[in-house]
Amino acid sequence: WSKEGEEEKIDLFMDAGRTLVADLDGDPVSVVSTAPGDMRYLRESLPLCVITSACTSRRARRLGIAKRLTAQANAAAALDGALVAALGAFDLGYYEQVGFGTLGYEHIVSFDPQHLNVTAKARVPRPLGLDDWQAVHSALLARARSHGSCSAYPPGLIRAEILSSDNGFGMGYCDGTGG
């Protein structure tokens, strides 16, 4: 069900945690992958199940297979200690059937930092690329956390996200250990 050349990205998502596969007449038709993480609730961190992918072939749509597989993935994560689960949903009504609620829409804004009107002189950032995925993951886990923030633990997920980006770029500061 994937495009040619996406094998590494898919392997990273599947290897990050638990992957459940459902078959129909011996053929795989649905897959749900999860990864462990945490969600900040006020000042404490709650164990989190991150649903990193949920895919179903056209052949198995509208049979309830993906819904059951997602419910099984959530149940397995709960048995492992997860208290909350999260996913990025494109079909809000569908995922409500397996216990997910909806939040406000996410607004994504991008801009070129050179257009900011700031008088302080910033250091020159360095470009971040695919080879920097481990440093990006470490920075993500070390960031200041506030209520509602989520972290997924497996570092391979960052590599998979970077691989998923078309024409993406990143800039950052690397101040050595503890920086």
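Scroll up to find the structure.
Novice: Help me understand the pattern of salt bridges, please; the structure alone is not making it clear to me.
Specialist: Oppositely charged side chains can form a pair if their charged atoms are brought close together. A complete count under the given rule lists seven salt bridges for this structure. Here Arg-159 ties to Glu-8 by a salt bridge, and the two come within 2.8 Å at their closest N and O atoms. Here Arg-159 is found in helix H5 (residues 156–164), whereas its partner Glu-8 is found in helix H1 (residues 7–15), with 151 residues between them in sequence. Between Arg-59 and Asp-25 there is a salt bridge, with its nearest N and O atoms 3.1 Å apart. With Arg-59 in the loop between strand S3 (44–56) and helix H2 (65–79) and Asp-25 in the loop between strand S1 (18–24) and strand S2 (27–41), this residue pair connects regions lying 34 residues apart in the sequence. Given the relative accessible area of 43%, Arg-59 is considered partly exposed. Given the relative accessible area of 68%, Asp-25 is considered exposed. Taken together, the salt bridges that share partners define one network made up of Asp-25, Asp-27 and Arg-59.

Novice: Can you walk me through the pairing of S1 in this structure?
Specialist: Each regular strand shows side chains that alternate between the opposite faces of the sheet. Pairing between S1 and S2: seven bridges, direction antiparallel. Across the sheet, residue Arg-18 finds its bridge partner in S2, namely Thr-34. Where S1 folds back onto S2 in an antiparallel hairpin, the turn is made up of two residues, including Asp-25, whose phi is positive at roughly 55°.

Novice: Hey, could you run me through the packing of helix H4 (residues 133–142) against H5 in this one?
Specialist: Axis angle and axis distance: for two packed helices, these are the angle between their axes and the distance between the axes, and together they describe the pair. As a packed pair, H4 and H5 sit with axes 8 Å apart at the nearest point and diverge in direction by 120°. Taken together, the axes of H4 and H5 lie oblique to each other. Crossing hand, H4 versus H5: right-handed. Every residue of H5 that contacts H4 at Trp-133, Val-136, His-137 and Leu-140 is listed here: Gly-156, Ile-158, Arg-159 and Ile-162. Here the residues of the contact of H4 with H5 are counted per class, giving five nonpolar, two polar and one charged.

Novice: Can you help me understand the nonpolar core in this one?
Specialist: Generally speaking, soluble globular proteins have nonpolar side chains that are buried together. Within the largest apolar cluster, 14 residues are counted, with the highest numbers of intra-cluster contacts made by Val-32, Cys-49, Ile-51, Ile-65 and Phe-100. Residues contacting Ile-51, with those up to four places away along its chain left out, are Val-32, Ser-33, Thr-34, Thr-70, Asn-74, Ala-86, Leu-87 and Phe-100. Judged by nonpolar contacts, the second largest core, of nine residues, contains Phe-13, Ala-16, Leu-48 and Val-50.

Novice: Looking at this structure, how should I read the environment of Pro-125?
Specialist: Among the structural elements, Pro-125 can be located in the loop between helix H3 (92–96) and strand S5 (126–128). For Pro-125, a relative accessible area of 28% corresponds to the partly exposed category. Once the C-alpha coordinates of Pro-125 and Leu-140 are considered, the two residues, 15 residues apart in sequence, prove to be 17 Å apart. Aside from chain neighbours lying at most four places away, what touches Pro-125 is Met-171, Gly-172 and Tyr-173.

Novice: How should I be thinking about unusual backbone geometry in this particular structure?
Specialist: In most cases, non-glycine residues show a negative phi, while peptide bonds are predominantly trans. Its identity is not glycine, yet Leu-42 carries a phi of approximately 55°, on the positive side. Relative to the helices and strands, Leu-42 is located in the loop between S2 and S3. Positive phi values are uncommon outside glycine, yet Arg-62 reaches one of about 65°. Looking at the element boundaries, Arg-62 is found in the loop between S3 and H2. Under the relative-accessibility criterion, Arg-62 is labelled exposed at 88%.

Novice: Explain the environment of Ser-138 here, please?
Specialist: By the secondary structure assignment, Ser-138 is in helix H4. Distance in space between the C-alpha atoms of Ser-138 and Pro-155 is 8.1 Å, their sequence separation being 17 residues.

Novice: I tried to follow a negative patch on the surface on my own but got confused; where do I start?
Specialist: A surface patch of like charges, here negative, comprises Glu-4, Glu-7, Asp-11 and Asp-15. Along the polypeptide, Asp-15 turns up in helix H1. On the accessibility criterion, Asp-15 (66% relative accessible area) is exposed.

Cut-offs applied
- Counting of residues starts from 1 at the beginning of each chain's written sequence and follows it residue by residue.
- In keeping with the predicted nature of the model, local features appear solely for residues at pLDDT of at least 70, side-chain atom pairs appear and are counted solely at 80 or more, and the whole-chain, interface and lining totals rest on all residues.
- Side-chain descriptors were evaluated using all non-hydrogen atoms of the structure, hydrogens and water having been removed beforehand.
- Counted as salt bridges are all cases of a side-chain nitrogen of Lys or Arg within 4 Å of a carboxyl oxygen of Asp or Glu.
- What counts as a helix is a DSSP run of H or I of at least four residues, what counts as a strand is a run of E of at least two, and both are numbered from the N terminus.
- Only protein chains enter the accessibility calculation, which uses a 1.4 Å probe; a residue whose area is less than 20% of its type maximum is buried, one above 50% is exposed, and one in between is partly exposed.
- We treat two strands as partners when DSSP finds at least two bridges between them.
- Under this scheme, a helix contributes an axis fitted over its contacting stretch, all axes are lines through C-alpha atoms, and angles between N-to-C directions fall in the 0 to 180 degree range.
- Any angle that is under 35 degrees is reported as roughly parallel, and any over 145 degrees as roughly antiparallel; angles of 65 to 115 degrees are reported as roughly perpendicular and all others as oblique.
- Whether a crossing is left-handed or right-handed is set by the direction in which the near helix is turned from the far one by less than a right angle, anticlockwise for left-handed and clockwise for right-handed.
- In this description, contact between two residues means that some pair of their heavy atoms is separated by no more than 4.5 Å.
- Each residue gets one label: Ala, Val, Leu, Ile, Met, Phe, Trp, Tyr, Cys and Pro are nonpolar, Asp, Glu, Lys and Arg are charged, and the others, such as Gly, are polar.
- Residues belong to one nonpolar core when they are buried, are Ala, Val, Leu, Ile, Met, Phe, Trp, Tyr or Cys, and are joined through side-chain atoms within 4.5 Å.
- Exposure above 30% relative accessible area and the lack of any salt bridge qualify a residue for a patch; like charges then connect within 9 Å, and the nonpolar side chains Val, Leu, Ile, Met, Phe, Trp and Tyr within 5 Å.
- Computed by Shrake-Rupley with a 1.4 Å probe, the accessible areas treat only the displayed protein chains as cover when residues are assessed.
- Charge counting treats Lys and Arg as positive and Asp and Glu as negative, with His and both chain ends excluded.
- By convention, the charge on Lys lies at NZ, on Arg at CZ, on Asp at CG and on Glu at CD.

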